[in-house]
Amino acid sequence: MSLDPSDAAPTEALIPLHCRQAARPGPPELTTLLTGTPVYLVRRHADVRQVLTDPRLGRAPLYAADAPPLTPYPNLLDDPDGLLNLDGQEHQRLRRTVQRAFTPRAIARWRPWVASVVEDLVSRLSDAARPADLITAFARPLPVAVISRLMGLDTLDLKRLAYWSDHALSTSAHTPEQVREAIVDFLAFGTALVAKRRAEPGDDLVSSLVLAADEDGEVTEQQIVRLVIGLVVAGHETTMTSLGNALVYLLTDGRDAWERLAGSEEEAAAAAEQLLRSVPLGENEVLPGLLRRAKEDVEIGGVLVPAGSVVAADHFAANHDPEVYPADWQGGLFDPVGTPHLTFGAGPHHCLGAWLARMELELALHRLARRLPGLRLTVPVAEIEWRRGLLTRSPQTLPATW
Amino acid sequence: MSAGFAGPGEHGGLTVSVDRTRCAGTGLCAASAPDDLALSDGRARPLRERTDALDEVVEAAELCPMEAITVRRVATGEQLAP
Ligand code: HEM
Ligand code: HEM
Ligand code: SF4
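Residues numbered from 1 in each chain as written. Chains lettered and ligands numbered in written order. Predicted model: local features only at pLDDT ≥ 70, side-chain atom pairs only at ≥ 80, totals over all residues. Heavy atoms only, no water.

Student: Can you walk me through the environment of Val 184 of chain A in this structure?
Tutor: Mapped onto the elements, Val 184 of chain A comes out in helix α8 (residues 176–199). Placed 20 residues apart in sequence, Val 184 of chain A and Trp 164 of chain A show a C-alpha to C-alpha distance of 9.6 Å. (Helix = DSSP H or I, 4+ residues; strand = E, 2+ residues; numbered from the N terminus.)

Student: Any chance you could explain the pairing of strand β2 (residues 38–42) of chain A here in plain terms?
Tutor: A regular strand places its side chains so that they alternate between the two faces of the sheet. Residues and elements named next belong to chain A. Counting buried residues along β2, four of its five residues qualify, which places the element largely inside the surrounding structure. Across four bridges, the pairing between strand β1 (residues 29–32) and β2 is antiparallel. Across the sheet, the residue bridging to Leu 30 is Tyr 40, located in β2. Between β1 and the antiparallel strand that follows it, β2, lie five residues; Gly 36 among them carries a positive phi value of about 90°. With four bridges connecting them, β2 and strand β8 (residues 310–313) associate as parallel partners. In the sheet register, Leu 41 faces β8, and the bridge partner there is Ala 312. (Buried < 20%, exposed > 50% of the residue type's maximum accessible area, 1.4 Å probe, protein only. Pairing = 2+ DSSP bridges.)

Student: How should the sheet that holds strand β12 (residues 399–401) of chain A be read in this particular structure?
Tutor: The strands making up a sheet are joined through hydrogen bonds of the backbone, oriented either antiparallel or parallel. All names here are of chain A. Taken in spatial order, the three strands make up an open sheet running β4-β12-β9, and their pairing is antiparallel. The open sheet has two edge strands, β4 (132–133) and β9 (376–377), and neither has a second partner. The pairing of β9 with β12 spans two bridges and is classified as antiparallel. Paired with Leu 377 across the strands is Ala 400, a residue of β12.

Student: Just to check I follow, could you spell out the packing of helix α13 (residues 265–278) of chain A against helix α15 (residues 354–371) of chain A for this structure?
Tutor: Two numbers describe a pair of packed helices, the interaxial angle and the distance between the axes. Residue and element names in this part refer to chain A. At a minimum axis distance of 8 Å, the contact between α13 and α15 shows a crossing angle of 120°. Relative to α15, the element α13 lies oblique. Remark: the crossing between α13 and α15 carries right-handed chirality. Between α13 and α15, the contacting residues are Glu 265, Ala 268, Ala 269, Ala 272, Glu 273, Leu 275 and Leu 276 on the first element and Arg 358, Leu 361, Glu 362, Leu 363, Leu 365, His 366 and Arg 367 on the second. The residue inventory of the contact of α13 with α15, partitioned by class, reads eight nonpolar, one polar and five charged. (Axes fitted to C-alpha atoms, helices over the stretch in contact; angles between N-to-C directions. Parallel < 35°, antiparallel > 145°, perpendicular 65-115°, else oblique. Left-handed = near helix turned anticlockwise from the far one by under 90°. Contact = heavy atoms within 4.5 Å. Nonpolar A, V, L, I, M, F, W, Y, C, P; charged D, E, K, R; others polar.)

Student: Can you help me understand the coordination of the iron atom of ligand 1 in this one?
Tutor: Looking at the protein side alone, the iron atom of ligand 1 has one donor only, Cys 351 of chain A (SG), at 2.2 Å. Here Cys 351 of chain A is to be found in the loop between α14 (315–318) and α15. (Donors = N, O, S within 2.8 Å, 3.2 Å for Na, K, Ca; no water.)

Student: What is the right way to look at helix α11 (residues 237–250) of chain A in this model?
Tutor: Along an α-helix, a turn takes 3.6 residues, which lines up residues three or four apart on a common side. An ideal rise of 1.5 Å per residue puts 20 Å on 14 residues; α11 of chain A measures up with 20 Å between its terminal C-alpha atoms. With 13 of 14 residues buried, α11 of chain A lies mostly within the body of the structure. (Expected span 1.5 Å × (residues − 1).)

Geometry only, nothing functional implied.
Put into structure tokens, the structure is as follows:
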């Protein structure tokens, strides 16, 4: 419900995201954000990787007192205390308190549980009246159920979560007051949760976070709270978006792959990785890429970027850089990706939840294809309703039968 | 098997290797084991051929988000982490 009909673009303008053509990468270009702020737009794979890993560029300076405006709307992600907006040692300290729970090995231990969540959802879906909506019944509840379980939020009201999430990542869909109200409410929830787990620790992720942070002694209460609510949003928005957009592709232009996805988890994992690389999460309308700001003069791809400049790393373009990847990703859906893609970023802020997201996506596609081999959409592509967030676009509903 | 005085230290010497293709350049390892790992061109690399900093390098290998770091005991080839 994030799209206000009054400023909705005509639906025929919205093509499925797998049809979006990436900009041809060239040297960094100077352009402007919607706010008029000048920005160096970086698109080549090597340049994007440099921007994300070079310590001369950071996230914190984006929110310094002298920083130019970045988005026309307030949102949760602008919080300077958020993990993503800390740099250097302060970032390392907070990141290390959570990293242990998110390594490939740590995530692999949750596999049987994630699989059982997926299977429950598929069973319920296959018992439902046809046509059924794949978003409401599958793509939306999956990431929420997984992160809630990891965090021990069994009693979390999912409607409340959806409300926070929608507002936290919204663009023009909500007024600034509505967004602020939602954030205040969300923070209150996080504060209460942290207090509760400190008083009565369990074996969930929030308890271990609080424990690790208290042991460290220098992580502030505010940072823990922001981290906890950041994780709630993370488990919700991006995974739902990539699953929804992957399904649009697989049930339309990519339908031939459906049977093979059902074949094995390994094949589904390979396809999930290619889909993560190739299908963008959104449109780059508001933000042309992952933002950083130069702390000193720095040369990127042969261009001198002066200290203080805002830089946007277009990881979608980088993921389609012809120097690195073959042009036809659809023909190689089950091939190994080769050079690591940048969908999860790189450098200090490389996505914490990358392995969890991969696992959710691969199990979701594999189990759905196995249980519902005849799955097909009941609406033409042109009639898909889209949900638009700050950085994401995904189907609002996806009616299907089998 | 005891390292005795044969190795360069009490652990008999460890090697640290980094798969630079997998490495995402997070720098977490350099923070855990600053004497053994550092970033160059956005990717980690080992700083010395052998080390004794068992706790530090094991911690680095276990925290690495890409499992790009391997720690082995020189004498036995045994993989200690991740
Ligand atoms: C397909 C799903 C996902 C995608 C595409 C994705 C993508 C990203 C990207 C690109 C960044 C870096 C942003 C930047 O450098 O400016 C990031 C950061 C982050 N992601 Fe994800 N993510 C996904 C799922 C998840 C999940 C499931 C979680 C948590 C459970 C998560 C937690 C985080 C956190 C905490 C950060 C900030 C890390 C830091 O600053 O150290 N993500 N994600
Ligand atoms: C709580 C701390 C977080 C903050 C402060 C934050 C902030 C931001 C900001 C400002 C952006 C805009 C692009 C940029 O400037 O780099 C962004 C992008 C992004 N964030 Fe976050 N974020 C946080 C957590 C997360 C989490 C938990 C996820 C979960 C996956 C996430 C996923 C993403 C993704 C996927 C993008 C890029 C999307 C695209 O390119 O279309 N972030 N984040
Ligand atoms: S922790 Fe792993 S991914 Fe990060 S820099 Fe070190 S080797 Fe690379």
